[in-house]
Amino acid sequence: MKRREILLIDMESFYASVEKGFHPESRGVPTVVSGDPERRSGVILAACPLAKKYGIKTAERLWEAKRKCPHLYIIKPKMQTYVDVSTHITTILQRYSDLVEPYSIDEQFVDVTYTSHLFGSLQSLAVRLQEEIKSETGVFARIGIGESKLLAKMACDHFAKKNSTGLFTIWHKDTSNTIWPLPVEALFGISSRMRTHFNNMGIRTIGQLATTPLERLKKKWGIPGHVLWESANGYDSSPVHFKSLSGEKAIGHAMTLPRDYQELSEIKVILLELCEEVALRARGKKVIGNTLKVFAKGASYDHPSSFLRQKPLLEATNYGLDLYETAVPLFKTFWDGQPIRQVGITLTNLSSAAEKQLSLFDQGWEQKERIGAAMDSIHSRFGPASLVRASSLTRAGQVFERAKKIGGHYK
């Protein structure tokens, strides 16, 4: 069986690299893309390599970055531009394979197993991709190469990003010399909490995890333990498939708040806005969901706290108030009462809205469908802020501000 050849294409400092093409005056100057400094969204979304030399990091607060580099060049984000460039990069990759899977706005997997021979060696194909992406978008691409998505991503994140060529290859036979010496938390899928558990077991490197008896890991963590053991040994059979571009497994929306929200009455306003946004998107996809997830992140930078909890809905739905009635008590159950700065709602366990199960206990579903359809029609014709709940007119509401944005950033 032919060895798979998979590339992970990662765009260096994506937002900043795109913006430098539109702002010639920023070339040769430490540059960051950041939200409005007057709002909490004034955090670093991207920093160019020059800015990173000053110790500036993504997600750092803007005022902290300016203390490190007073002559920092600051550009506000334009999300639609980044979406357009990312889409263009996808079209470049599709010249070489029809198996292109966007992983995020600045990362994409490409399977060239059966096409690389048409363009010379695999290495020359990777260089060709770098040249075309740079020529057409102005962005430098780092490329990890491997026989699985896991190895390609490890090659990119831990090696390609650190060398001048921006290229690195890890085949399965090379795992003991490449990824095994890395700390265990460098393995994709291991959280800081999981790292602590592994360290307490005497497992500090990926190699030590790979050589740990499988039964010991399965006994402690079950299937997730088995998956991590396989990952540490370089095994990953997940395909790169263009179908992953369409079929959504969940519909979610999160919001970074402009200030600390500490009153439940204000947080409920945001929860309602998020539930309405998720419901609108679900209706647009013609799906209903059976499970609701609520995410919240505390406002403290020094002592961060967060939670993500889910609960089955009484009935599968795509109606905003139904989601809200589950979201509020779920939030209250796990909220510690401290101020929050980020909150999100996700609808999962999706199914077709055309296959809704009728309920003896919910006699108003037809009315909800009509209300939802009427709201969607108004939003489609006049914009997302043309019809809002009365609570969004209060100081806590953010729907009008978000109407100016795409993906949470200004258009």
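Residues numbered from 1 in each chain as written. Predicted model: local features only at pLDDT ≥ 70, side-chain atom pairs only at ≥ 80, totals over all residues. Heavy atoms only, no water.

The name an unreviewed UniProt entry assigns to the chain is DNA polymerase IV, from the organism Alkalihalophilus pseudofirmus. Within the UniProt record for the chain, the comment given under Sequence similarities (unreviewed entry) is "Belongs to the DNA polymerase type-Y family." Quoted verbatim from the Subunit (unreviewed entry) field of the UniProt record, the comment on the chain reads "Monomer." (UniProt positions renumbered as here; feature names shortened; annotations may be inferred.)

Novice: Help me understand helix H11 (residues 223-232) in this model?
Specialist: Residues spaced three or four apart along an α-helix point in a common direction, a consequence of the helix completing one turn every 3.6 residues. For H11, every residue scored as buried is listed here: Gly 225, Leu 228, Ser 231 and Ala 232. The buried residues of H11 all sit within an arc of 120 degrees when viewed along its axis, so they share a single face. (Buried < 20%, exposed > 50% of the residue type's maximum accessible area, 1.4 Å probe, protein only. Helix = DSSP H or I, 4+ residues; strand = E, 2+ residues; numbered from the N terminus. Arc of directions from axis to C-beta.)

Novice: I'm lost on the packing of helix H12 (residues 264-285) against helix H13 (residues 320-334) in this one. Help?
Specialist: Any two packed helices are characterised by how steeply their axes cross, that is the angle between the axes, and by the distance between the axes. Packing of H12 against H13 leaves a shortest axis separation of 8 Å and a crossing angle of 140 degrees. In terms of orientation, H12 lies oblique with respect to H13. As H12 runs across H13, the sense of the crossing is right-handed. Between H12, through Leu 264, Ile 267, Lys 268, Leu 271, Leu 272, Cys 275, Glu 276, Val 278, Ala 279 and Arg 283, and H13, the contact on the second element is made entirely by Gly 320, Leu 321, Leu 323, Tyr 324, Ala 327, Val 328, Phe 331 and Lys 332. Looking at the contact of H12 with H13 residue by residue, the classes come out as 13 nonpolar, 1 polar and 4 charged. (Axes fitted to C-alpha atoms, helices over the stretch in contact; angles between N-to-C directions. Parallel < 35°, antiparallel > 145°, perpendicular 65-115°, else oblique. Left-handed = near helix turned anticlockwise from the far one by under 90°. Contact = heavy atoms within 4.5 Å. Nonpolar A, V, L, I, M, F, W, Y, C, P; charged D, E, K, R; others polar.)

Novice: Got a minute to help me understand the nonpolar core in this structure?
Specialist: Generally speaking, nonpolar side chains in soluble globular proteins are found buried as a group. Counting residues in hydrophobic clusters, the biggest one holds 40 residues, and the most contacted among them are Ile 9, Phe 14 and Ile 56. Elements with a contribution of two residues or more to this core: strand E1 (6-11), helix H1 (14-22), strand E2 (31-34), strand E3 (44-47), helix H3 (62-68), helix H4 (79-93), helix H5 (122-137) and strand E7 (141-146). In terms of residue count, H4 provides more of this core than any other element does, 6 residues in total. Of all hydrophobic cores here, the second largest spans 32 residues; its members include Leu 272, Phe 307, Ala 327 and Ile 345. (Core = buried A, V, L, I, M, F, W, Y, C linked by side-chain atoms within 4.5 Å.)

Novice: Help me understand the pattern of salt bridges, please; the structure alone is not making it clear to me.
Specialist: Any two side chains of opposite charge can pair if their charged atoms end up close together. All chains considered together, the criterion is met by 16 salt bridges. For the salt bridge of Lys 78 with Glu 19, the shortest nitrogen-to-oxygen distance reads 3.0 Å. Of this pair, Lys 78 sits in the loop between strand E4 (73-75) and H4 while Glu 19 sits in helix H1, and the two are 59 residues apart along the sequence. Taking the relative accessible area as the measure of exposure, Glu 19 reaches 0% and is therefore buried. The closest approach of N and O atoms between Lys 68 and Glu 60, which form a salt bridge, is 2.6 Å. Classification of Glu 60 as buried rests on a relative accessible area of 10%. Counted as one network, the salt bridges with shared partners bring together Asp 10, Glu 12, Glu 107, Arg 142, Lys 153, Asp 157 and Lys 161. (Salt bridge = Lys/Arg side-chain N within 4 Å of Asp/Glu carboxyl O.)

Novice: Would you take a moment to explain H1 for this structure?
Specialist: Burial within H1 is extensive, with 7 of its 9 residues counted as buried. When H1 is considered as a whole, its buried residues turn out to be Phe 14, Tyr 15, Ala 16, Ser 17, Val 18, Glu 19 and Lys 20. Looking at the buried residues of H1, the elements they touch are E1, E2, E3, E4 and H4.

Novice: What is the right way to read the pairing of strand E12 (residues 340-352) from this model?
Specialist: In the case of a regular strand, side chains alternate between the two sheet surfaces. One ladder, built from 8 bridges, connects strand E9 (residues 250-261) with E12; its direction is antiparallel. Residue pairing across strands places Thr 256 opposite Gln 342, the latter belonging to E12. Two strands pair when backbone bridges link them, and strand E10 (residues 287-298) and E12 are joined in this way by 11 bridges, in the antiparallel orientation. Each residue of the ladder has a partner; that of Val 294, found in E12, is Ile 345. (Pairing = 2+ DSSP bridges.)

Novice: Got a minute to help me understand unusual backbone geometry in this structure?
Specialist: Excluding glycine, residues mostly have negative phi values, and the peptide bonds linking residues are mostly trans. The backbone phi angle of Ser 13 is positive, close to 45 degrees, even though this residue is not glycine. Mapped onto the secondary structure, Ser 13 falls in the loop between E1 and H1.

Novice: Would you explain the packing of aromatic side chains in this entry?
Specialist: Any aromatic ring pair is given by two values, namely how distant the centres are and how the planes are angled relative to each other. Per the counting criterion, the structure on display carries 11 aromatic pairs. Seen in terms of ring centroids, Phe 307 and Phe 331 are 5.8 Å apart; in terms of plane orientation they differ by 50 degrees. Their pairing is tilted. With Phe 307 in strand E11 (residues 306-317) and Phe 331 in helix H13, the pair connects residues that are 24 residues apart, well separated along the chain. Taking relative accessible area as the criterion, Phe 307 reaches 10% and is therefore assigned buried. Note on Phe 331: relative accessible area 0%, which makes it buried. Connected via pairs of aromatic rings, a cluster forms that spans Phe 307, Phe 331, Phe 334 and Trp 335. Looking at Arg 3, its charged tip hangs above the ring of Trp 171, at a distance of 3.6 Å from the centre. Between the NZ or CZ atom of Arg 259 and the centre of the ring of Tyr 261, over which it lies, the distance is 4.4 Å. (Phe/Tyr/Trp six-rings, centres within 6.5 Å; stacked < 30°, edge-to-face > 60°. Lys NZ or Arg CZ within 6 Å of the ring centre and 35° of its normal.)

Novice: Can you walk me through the UniProt feature "active site" (unreviewed entry) in the chain in this structure?
Specialist: UniProt marks Glu 107 with the feature "active site" (unreviewed entry), using the numbering shown here. By the secondary structure assignment, Glu 107 is in strand E6 (residues 107-111).

Novice: When you look at the UniProt feature "site: Substrate discrimination" (unreviewed entry) in the chain in this model, what are you seeing that I'm missing?
Specialist: The UniProt entry lists Tyr 15 under the feature "site: Substrate discrimination" (unreviewed entry), expressed in the numbering used here. With respect to the element layout, Tyr 15 can be found in helix H1. You can call Tyr 15 buried: its relative accessible area is 13%. In this structure Tyr 15 touches Val 33, Leu 45, Ala 46, Met 79, Tyr 82 and Ile 105, once residues within four positions along its chain are discounted.

Novice: Looking at this structure, how should I read the layout of surface pockets?
Specialist: Rolling a probe over the atoms, with the probe sized like a water molecule, indicates the empty space that remains. Space inside the second largest pocket adds up to approximately 600 Å³. Lining the second largest pocket we find 22 residues, and of these Glu 101, Pro 102, Tyr 103, Phe 109 and Lys 149 sit closest to its centre. Contributions of two or more residues to the lining of the second largest pocket are made by H4, strand E5 (100-104), E6, helix H6 (149-158) and H11. Top contributing element to the lining of the second largest pocket by residue count: E5, with 4 residues. In terms of residue class, the lining of the second largest pocket is made up of 9 nonpolar, 8 polar and 5 charged. (1 Å grid on protein atoms, 1.4 Å probe; cavity = no way out; pocket = protein on both sides within 12 Å on 5 of 7 lines; lining within 4 Å. Points joined across faces, edges and corners; volume = space filled by probe spheres on them.)

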